[in-house]
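Tertiary structure, described
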Amino acid sequence: MLNTKRRKETDQVSSVIPVYQSLYSNKDHSSDPNWLRETRDAGMSAFAGQGFPSVRNEKWKYTNLASLSAGDFIAVEPENDAFKIGPKSAWAEARMVFVNGVYREELSDINALKGQVKVVRLHHSLSTMKDYFGFLVDTALPTVGLNSALMQDGYRVVVADKAKIDGILELVFANSGHKNAVFPRNSLKLGKGSELTLVERHVGQGSYFTNSVGEVDVQDGAKFHHYRLQDDDISAISLSHSFVRVGADALYDNFALSTGAKLARNEISCVIEGEGGHLNLLGAYLISDAADGKGQTCDTTTFIDHAVANTTSKEIYKGVLDGRGHGVFQGKILVREDAQKIEGNQLSRALMLSDKAEINTKPELEIYADDVICSHGATVGDLDEEGLFYLRSRGIPKTKARALLVKSFVGEVLEEIHNEAIREAFTEHASNWLVANAEG
Amino acid sequence: MAATVDTVERVESITADKYKYGFVTDIEMESAPIGLSEDIVRFISAKKEEPQWMLDWRLTAYRHWLTMEEPNWAKIGYEPIDYQQTYFFAAPKQKVAPKSLDEVDPELLRTYEKLGIPLKEQEMLAGVVGVAVDAVFDSVSVATTFRAKLEEAGVIFMPISEAIQKHPDLVKKYMGSVVPTTDNYFAALNCAVFTDGSFVYVPKGVHCPMELSTYFRINAQNTGQFERTLIIADDDAYVSYLEGCTAPMRDENQLHAAVVELVLHENAEIKYSTVQNWYPGDEEGKGGIYNFVTKRAKCAGANSKVSWTQVETGSAVTWKYPSCILQGDNSQGEFYSIAITNNMQQADTGTKMIHIGKNTRSRIISKGISAGKAQNTYRGLVKALPRASNARNFTQCDSLLIGDKCGAHTVPYIEISNSTARIEHEATTSKVSEDQLFYCRQRGIPEEEALALIVNGFCKEVLQELPMEFAVEAQKLVAISLEGSVG
Amino acid sequence: MLKISNLHAAIESVNKPILKGVDLEIGTGEIHAIMGPNGSGKSTLSYVLSGRDGYEVTGGSVDFAGQDLMDMEPEERAAAGLFLAFQYPVEIPGVQTMTFLRTALNEIKKARGEKEIDAVGFLKFVREKCKSLNISDDMMRRAVNVGFSGGEKKRNETLQMAVLEPKLAILDETDSGLDIDALRVVADGVNALRSENRSMLVITHYQRLLDYIVPDKVHVMANGRIVKSGGKELALELEEHGYAQYEAA
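Residues numbered from 1 in each chain as written. Chains lettered and ligands numbered in written order. Predicted model: local features only at pLDDT ≥ 70, side-chain atom pairs only at ≥ 80, totals over all residues. Heavy atoms only, no water.

1. Quick notes on the interface of chain B and chain C
Contacts between the two partners involve 26 residues from chain B, matched on the other side by 36 residues from chain C. A combined buried area of about 2,700 Å² lies between chain B and chain C, and 59% of that area is made up of carbon and sulfur atoms. Our count for the chain B to chain C interface comes out at four salt bridges. In this structure, the salt-bridge partner of Asp435(B) is Arg52(C), at a minimum N-O distance of 2.3 Å. If you look at where chain B meets chain C, you find twelve residue pairs in polar contact (both at pLDDT 80 or more). Elements with a contribution of two residues or more to the side of chain B that touches chain C: helix H1 (2-12), helix H10 (434-442) and helix H11 (447-458) of chain B. Broken down by element, the side of chain B that touches chain C gets its largest block of residues, eight residues, from H10(B). Considered class by class, the residues forming the side of chain B that touches chain C number ten nonpolar, six polar and ten charged. (Contact = heavy atoms within 4.5 Å. Buried area = accessible area lost by both parts, 1.4 Å probe. Salt bridge = Lys/Arg side-chain N within 4 Å of Asp/Glu carboxyl O. Polar contact = N/O pair within 3.5 Å; in protein donor to acceptor, adjacent residues only side chain to side chain. Helix = DSSP H or I, 4+ residues; strand = E, 2+ residues; numbered from the N terminus. Nonpolar A, V, L, I, M, F, W, Y, C, P; charged D, E, K, R; others polar.)

Written out as structure tokens, the structure is:
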């Protein structure tokens, strides 16, 4: 090539970098052990080197973080006039609550789960996590780097080998206030042959910015059902990046239901490292107009690395786009050389209910082994006219018929939720959204 | 179809040599000095005795090219191209331009005969074979057959260099109207240094009476080929156009950067078929053509229809995305592709379907086959703009892997801004099934033939889109391209 | 015609022995049936005889018309006159049955040093075969087995057998997945292909197929060996008493 130097992303609003740099340098990290300070420094320099990714970055092609680049978010200390947190969900055995990124003991109840599962706030165990912390996480990514630099709290869950935890653990992340920035950091380890069901709920009030990072280690033979309900305020920006490792004969079963945020990105990077490992990445997003009258953006970006032979993955995402809603799905499946006998199936479907809606889909297969069965499918469309007509010819009014069809469209993927109570709760949440938004 | 029935016979007749087009024609050539500069651009333009406006257009493109960078987003890797070590113009020496085939150097006619394109015979078999050929040898067109017959019908089919002289208004109006000089790195380069290519104009209401075809041949060493094709189908016109490409076996890489522009007015239809069989390099990846091509069709008129069919078996590196701009209401775009990579070949190919008008429809059928240590990527974009109500797209992308050292990749982009658009995309990747191979072998069919049969079956949806003569050729190519990939 | 002596074979990937000393001799023009419970090694025997990958011959020998069968590639065995009617015929999308069969026939002819048949001649030849087997020739225009019903697939196998004219045909569970009417049609086809210089090996779990294709000899296979041989009456006995007594052995 004549000249291979890459174009510099000079269009990044550079003012944002010093804002976070000074935020970082003003924090007192003196109590952190050396290794942790090094991790934070590395994260900060990764962010400082790039700033928030621009749409020129292929991975962020469709999701524009320009509103973050203004740099007017300020990380906050906990506030007492917090967003009102209701009681623990009926299906939950135990609960941890984080308000504006910080654990709130008086709102939490983790005693029920004591014993074979260790549930603690990250803040307290951080300094002892040297060999464990961040080993799955790619701190070189700017948003992840920023989290590594500024993270203070989150959950840390460790399930003992062979422990099957029946009760469901509920994690509530509530944010409030104007222009607050929070950086939750979560760490989860399921010991060999263990099983756990965990639900994260993200709620809030205000135009905050949350940028969370999680690492999940599902060891050999373990099963982890990880559910996520993202119901952030429709003026908020909600970024989340989970890094998942799946061991031999292990299962990582993820379902994400998203209705909130002005701009949300749920990114999951998984590596299946043991034979017999299986992955479910499932979800639904229902979006419409954001608080500012522009469209909500909901971005689901997944990466599945079939690193070894005899591993399988299944991926289904369904989107309902109303108003000026903007859906993004980017899903990449990588099958490495010699990773034979792979099955990877991916499906992305979007339903466009409004002529102002927009969807961008990029499913990607990168395959270096021959004994594989991989597929992806993507569809975009509005409601099936024939189906609508059929229902109406049976006497069902148009709005009702429409609602029924939309509900069944989302219902197909909600059905995949393994846990019945959660399936019901998520279905109800989706139905409520439909009643409030799409029916009318 | 009958062509499929014939496969077996044809496959059997395949000669043992893997790339039978690898010979060199010994003919006296004249070249521009090596390298690239404004002077070279001027040299080419002068050589072609071009009008000033054409030279200005070239220079604008060249100056813009200097500000651009070679794209690096495709999944291909190759040695840097040294533009200063490439000849941008090479042509067989001839004293005066040949007026008829009788004046063409017999050595050239023999070359095309060896390539299976007997220019003379075809002229004689007028009405029987029914294919008019423009033969492009390195930088220039050496012969165009059937011109008189086409002229009767009002169809203009001539080398583009000649069209610049004879039909400047048409060329001025349309050249660059689909792929502008600033479009992309390789297109800009082509605009600056293109040497020849074919020009077709089919007037209103004319159904072109025969298939048109251009046969591209790179012969000279260290020479890039930069041809440019422009086809205009006026209202209610129809034309089917075929192109074929070959090159000698050489150890060093050679650059081919072409631009093809298709313009379709109301109710017009163009069927464009390619069998690309440039020299792919040897088993270790030495030599072969770098094939960087920009092909784009603009369905400007309502109800127009364009269909791209390509069989890509050659080249060391292929970078090519024949695209459709569906601007006219109810216009249709189709892309049928077979891309086969073996040994060290790399292909990054696909299409773009840009839905702008209402009720526009597109269909993409892509079959990628990867063997040896090759990498084969489908990259495509389906975009529906807000005005494209009721746009429809169907995409089927299948990849087949043969052997465990190759790669098959699928990168589709789907960008939809209209709620009434309906898009369906399906992609699969799998290997040739052991069960299928065994079934064939149990019936007495040897492994390589069995593989060719199965792969041809896998590609059938695309093969059947090709004109008959090409379909047979393509099926043979499928078999040859995969030689040595099993066992 | 076929002489199997003390044949041992294992599944390669898991190194699991399946055939544990099979002895069997089939004379020219004879029809033999092998019956046995599931997992006895019946289908493995058909795959080992036809040369499918994934099986390792660990002992014994197979002589086919004077040739060492185990030394040959699958297509060489086909050219030598061995035909396997598959239990589950494979679908090959995009490949017309006509093309497939003509390729097969001409490859076999080529291997035998015979003159190949052209498209027109082949069409005529196939039409006659279809007619004699009472099979509609529009099957020939469809892709190999794609979208065929169970009965059509088995009829297609019979037609292929008729076209390729083997010396020995192995019918692997030809009755599986067929209702009684379809079974009768297929059996009629097979019977039409009986001749004094064609041997057949019929592999089946159930006796009912042997009501239609009457064998000269019946063998019981259990646990990788032929454990009992007899006349056609042996099949009826098995129908009545089942395989339990052999499996225990």
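There is more to say, and it comes next.
2. Section: the environment of Phe292(B)
Residue and element names in this part refer to chain B. Tracing the chain through its elements places Phe-292 in strand E12 (residues 288-299). In the structure, Phe-292 is positioned 71 residues away from Gln-221 in sequence and 18 Å away in space, judged by C-alpha atoms. When near neighbours in sequence (up to four residues on either side) are disregarded, Phe-292 contacts Ile-76, Tyr-78, Ile-81, Phe-186, Leu-255, His-256, Ala-257, Ala-258, Val-317 and Trp-319.

3. Some points on the arrangement of the chains
Among the two pairs of chains in contact, the pair with the most contacts is chains A and B. Between chain A and chain C there is no contact, and the shortest C-alpha to C-alpha distance separating them is 14 Å.

4. Points about the confidence of the model for chain C
Of all residues in chain C, 99% attain a pLDDT of 70 or more, and the chain-wide mean is 91. Interface confidence for the predicted complex, given as ipTM, is 0.91, next to a pTM of 0.88. (pLDDT = per-residue confidence, 0-100.)

5. A word on the pattern of salt bridges
Between side chains of opposite charge, a pair can form when the charged atoms approach closely. Per the stated rule, a full pass over the model turns up 56 salt bridges over all chains. Between Glu273(A) and Arg245(A) there is a salt bridge, and its shortest N-O distance comes to 2.7 Å. With a gap of 28 residues between them, Glu273(A) in the loop between strand E14 (263-272) and strand E15 (278-287) and Arg245(A) in strand E12 (residues 237-246) connect regions that are remote in the sequence. Relative accessible area serves as the criterion here: at 15%, Arg245(A) is assigned to the buried category. Note that Asp348(B) and Arg379(B) form a salt bridge whose closest N and O atoms lie 2.9 Å from each other. Placement of Asp348(B) in strand E17 (residues 346-349) and of Arg379(B) in strand E20 (residues 375-384) is noted, with a sequence separation of 31 residues between them. Judged on exposure class, the residue Asp348(B) and its partner Arg379(B) are both buried. (Buried < 20%, exposed > 50% of the residue type's maximum accessible area, 1.4 Å probe, protein only.)

6. Comments concerning the packing of helix H4 (residues 119-133) of chain C against helix H5 (residues 150-164) of chain C
Residues and elements named next belong to chain C. For the pair H4 and H5, the least separation of the axes is 10 Å and the interaxial angle reads 125°. Judged by the angle between their axes, H4 and H5 are oblique. As for the relative orientation of H4 and H5, their crossing is right-handed in sense. Two secondary-structure elements touch here, H4 through Phe-122, Phe-125, Val-126, Lys-129, Cys-130 and Leu-133 and H5 through Thr-158, Leu-159, Ala-162 and Val-163. Split by residue class, the contact of H4 with H5 holds eight nonpolar, one polar and one charged. (Axes fitted to C-alpha atoms, helices over the stretch in contact; angles between N-to-C directions. Parallel < 35°, antiparallel > 145°, perpendicular 65-115°, else oblique. Left-handed = near helix turned anticlockwise from the far one by under 90°.)

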